[in-house]
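In case you want the letters, here they are:
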Amino acid sequence: MTDTAFLASRTGPLPGWFEATVAALGYEPAATLTVDRPEHGRYNLPPGLVDRVARRLGETDAAFLGVDELLHPGQRVDLEAALPPVTVRDRRDVVWRRLAAANPVAERSLALRDARVERRRVAGAERDSNRQSPGGSGDRVGELDRRCQQLRADLETLRTEARERVTDTHGGVDARVVLVGPPTALSTALRTALTDNDATGDPFGPARPTTTVTTIGPHKVALTDTPGLVAELPDWYTGVVPGTLAALEDASAAVVVGERHDPLERCCRAVEDRVDGPLVPVLPGADSPVAGRDPVDGATPGAVRSRLAAVLPSSRLALSLPYGDETHALVSRLHDQVTVHTVEYGETVLLDVEVPAGRVDRLRRRVGELGGESEPQPPAGR
């Protein structure tokens, strides 16, 4: 049986991904409660909203309260104390718990967060009961302090490993492409078509970057699928997805997938300063520009691949080679490794090929070694 959840926010309508993520945690959101009033510093929610939530919880058997705000440990402890028994989780808790099962950085961040909340709760209880000496701390508080210190050290190691897992694997490729978008926007069909992996379509999936080597045009590409992006990439989120940041910084291009124009534009703005290469914006049924970005129709994976092939750096060459066994061997390899537009056989073998920019010099050297010639060609369509 799915437990009931209430959602609360002091800022108005919730982002769609928040409710979807709470549902993915195994809860059924029953209602969203908001009050358009200034927050109370004790709870980071308006007092009237806290009262409404308390009444609704008292009338139901709801087991979960998702708060679409950020609560520091003291605010969470005070809010839990002001409500009937219920599991309280703020925005970052909800996201981190969604990622934690397969993302060690999120799991350890969540453990640190829970330890800090527990420390605040224990310290308050000891202070209220006068069990803590004026100049020291109770044994349980000291134990939690040591746990927090160890978790912080673990996080430094795990973040480094997460970045290296993205940047130091899948060598020998011509380009690296990263697939990003809002948490609920990435189309399962598009993901599967681009990565050749079955995708679930769940919010914040995959929980950490997953890289597949594929071919796009003349390029051998390491394509990295990532968890969804929280708009504006706040620190509390980027801290648990270091592999996503590494993928963005290392990318030759980024495919940015949106559900609607506004979220797509926000995602483009969030990542464009982190990616050195071009962005390929994608919308379902795209038929109009987004701030001049000219999105591709996400319902047509072939169109996304074609746009990627067009924006990744490549050069077109006209090759002239003497007929012979070594030329035949080279032509065979070129068919496997680059885009061969045309080939004509005679006493001289003529080819029109498109080659990743980083491999042009090597190919021209090999052609010269065989006694052939190579000349730059204008790109197709020019």
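You'll find the structure just up there.
A.B. asks: Can you help me understand the overall build of the protein in this one?
C.D. replies: Counting its secondary structure elements, the protein contains 13 helices and 14 strands. For the protein, the C-alpha radius of gyration of 27 Å lies well beyond 21 Å, the compact-globule estimate for 382 residues. A separation threshold of at least 6 residues defines the contact pool for the protein, and within that pool the share at least 24 residues apart is 62%. Surface exposure of the protein reaches about 18100 Å², of which carbon and sulfur atoms provide 44%.

A.B. asks: Looking at this structure, I do not really get the sheet that holds strand 12 (residues 339-344). What am I missing?
C.D. replies: What links the strands of a sheet is backbone hydrogen bonding, and the strands pair in either a parallel or an antiparallel sense. The strand order across the open sheet formed by four strands is 12-13-11-14, and the pairing between neighbours is antiparallel. Among the strands making up the open sheet, the edge pair consists of strand 12 and strand 14 (373-377). Looking at each pair of strands side by side, their axes are set apart by 20° on average, direction ignored.

A.B. asks: Which parts of the structure should I look at to understand the pattern of salt bridges?
C.D. replies: It is possible for side chains of opposite charge to pair when their charged atoms get near one another. Within the structure shown, the criterion is met by 25 salt bridges. Between Arg366 and Glu369 there is a salt bridge whose closest N-O contact spans 3.2 Å. Placement of both Arg366 and Glu369 in helix 13 (residues 360-369) is noted, with a separation of three residues, approximately one turn of the helix. Look at Glu369 and you get exposed, because its relative accessible area is 60%. Several salt bridges converge on common partners, so that one network encompasses Arg76, Glu80, Asp90, Arg92, Asp93, Arg97, Arg113, Asp114, Glu118 and Arg121.

A.B. asks: It is not clear to me how the packing of aromatic side chains should be interpreted in this structure. Could you clarify?
C.D. replies: Ring pairs (aromatic) are described by centroid distance and by the angle formed between their planes. The full count for this structure, using the stated rule, is five aromatic pairs. Ring geometry for Trp17 against Phe204: centres 5.6 Å apart, planes inclined by 90°, an arrangement best described as edge-to-face. One end of the pair, Trp17, is in helix 1 (residues 16-24); the other, Phe204, is in the loop between helix 7 (188-195) and strand 6 (210-216), and 187 residues separate them in sequence. Both residues of the pair, Trp17 and Phe204, count as buried. With a centroid separation of 6.1 Å and an interplanar angle of 75°, the aromatic rings of Trp236 and Tyr237 are classed as edge-to-face. An aromatic cluster is built from Trp17, Phe18, Phe204, Trp236 and Tyr237, whose rings are joined through pairwise contacts.

A.B. asks: Any chance you could explain the packing of helix 5 (residues 104-128) against helix 6 (residues 139-167) here in plain terms?
C.D. replies: For any two helices packed against each other, the geometry is given by the interaxial angle and the distance between the axes. As a packed pair, helix 5 and helix 6 sit with axes 9 Å apart at the nearest point and diverge in direction by 165°. Our classification of the angle between helix 5 and helix 6 gives roughly antiparallel. Like other packed secondary-structure pairs, helix 5 and helix 6 cross with a definite hand, here left-handed.

A.B. asks: Got a minute to help me understand the layout of surface pockets in this structure?
C.D. replies: One water molecule sets the probe size; rolling that probe over the atoms shows where empty space is left. Of the voids in this model, the largest pocket is the one considered here, and its volume is about 410 Å³. Pro15, Gly16, Trp17, Ala231 and Arg266 are, among the 21 residues lining the largest pocket, the residues nearest its centre. Elements with a contribution of two residues or more to the lining of the largest pocket: helix 1 and helix 10 (261-272). Of the residues forming the lining of the largest pocket, the biggest block, three residues, is contributed by helix 10. Partitioning the lining of the largest pocket into residue classes produces twelve nonpolar, three polar and six charged. A volume near 250 Å³ is recorded for the second largest pocket. Around the second largest pocket, the lining comprises 17 residues; the ones closest to its centre are Trp96, Ser109, Leu112, Leu155 and Arg159. Taken together, the elements giving at least two residues each to the lining of the second largest pocket come down to helix 4 (91-100), helix 5, helix 6 and helix 8 (235-238). Split by residue class, the lining of the second largest pocket holds seven nonpolar, three polar and seven charged.

A.B. asks: Would you explain empty space enclosed by the protein in this entry?
C.D. replies: With the rule as written, the count across this model stands at two cavities of 30 Å³ or more. Of the volumes computed, that of the largest cavity is approximately 140 Å³. Forming the boundary of the largest cavity are 15 residues, of which Asn103, Ala162, Arg165, Arg208 and Pro209 lie nearest the centre. Going through the elements one at a time, helix 5, helix 6 and helix 9 (242-250) are the ones with two or more residues in the lining of the largest cavity. The residue inventory of the lining of the largest cavity, partitioned by class, reads ten nonpolar, two polar and three charged. Looking at the second largest cavity, the residues that line it are Val166, Arg176, Val177, Val178, Ala222, Thr224, Ala247 and Asp250. A class-by-class count of the residues in the lining of the second largest cavity yields five nonpolar, one polar and two charged.

A.B. asks: Hey, could you run me through the sheet that holds strand 5 (residues 175-180) in this one?
C.D. replies: Spatially, 6-7-5-8-9-10 is the arrangement adopted by the six strands of the open sheet, whose pairing is mixed. The two strands at the open ends of the sheet, each matched to only one other strand, are strand 6 and strand 10 (296-297). Sheet topology places strand 8 (residues 253-257) next to strand 9 (residues 279-283); four bridges connect them, and they run parallel. Note on strand 9: the bridge partner recorded for Ala254 is Leu279.

A.B. asks: For this particular structure, what's the right way to read helix 10?
C.D. replies: An α-helical turn contains 3.6 residues, so any two residues separated by three or four positions project in the same direction. With twelve residues, helix 10 ought to run about 16 Å at 1.5 Å a step, and its terminal C-alpha atoms sit 16 Å apart, in line with that. Here helix 10 has its buried residues at Pro263, Leu264, Glu265, Cys267, Cys268, Ala270 and Val271. Elements in contact with the buried residues of helix 10: strand 5, helix 9, strand 8 and strand 9.

A.B. asks: What exactly am I supposed to notice about the nonpolar core here?
C.D. replies: One recurring pattern in soluble globular proteins: nonpolar side chains tend to sit buried together. Membership of the largest hydrophobic core comes to 50 residues, with the highest contact counts inside it found for Val22, Val95, Leu99, Tyr237, Val240, Val256 and Val271. If we skip the residues at most four places from it in the chain, Val256 touches Val180, Leu264, Cys267, Cys268, Val271, Leu279, Val280, Pro281 and Val282. The next biggest cluster of nonpolar side chains, apart from the first, holds 20 residues, and it includes Val35, Tyr43, Leu49 and Ala62.

The rules we used
Residues numbered from 1 in each chain as written. Predicted model: local features only at pLDDT ≥ 70, side-chain atom pairs only at ≥ 80, totals over all residues. Heavy atoms only, no water. Helix = DSSP H or I, 4+ residues; strand = E, 2+ residues; numbered from the N terminus. Rg over C-alpha atoms; globule rule 2.2 N^0.38 Å. Contact = heavy atoms within 4.5 Å. Areas by Shrake-Rupley, 256 points an atom, 1.4 Å probe, with all protein chains shown as cover. Pairing = 2+ DSSP bridges. Axes fitted to C-alpha atoms, helices over the stretch in contact; angles between N-to-C directions. Salt bridge = Lys/Arg side-chain N within 4 Å of Asp/Glu carboxyl O. Buried < 20%, exposed > 50% of the residue type's maximum accessible area, 1.4 Å probe, protein only. Phe/Tyr/Trp six-rings, centres within 6.5 Å; stacked < 30°, edge-to-face > 60°. Parallel < 35°, antiparallel > 145°, perpendicular 65-115°, else oblique. Left-handed = near helix turned anticlockwise from the far one by under 90°. 1 Å grid on protein atoms, 1.4 Å probe; cavity = no way out; pocket = protein on both sides within 12 Å on 5 of 7 lines; lining within 4 Å. Points joined across faces, edges and corners; volume = space filled by probe spheres on them. Nonpolar A, V, L, I, M, F, W, Y, C, P; charged D, E, K, R; others polar. Expected span 1.5 Å × (residues − 1). Core = buried A, V, L, I, M, F, W, Y, C linked by side-chain atoms within 4.5 Å.

Purely geometric stuff here, so don't read any function into it on its own.
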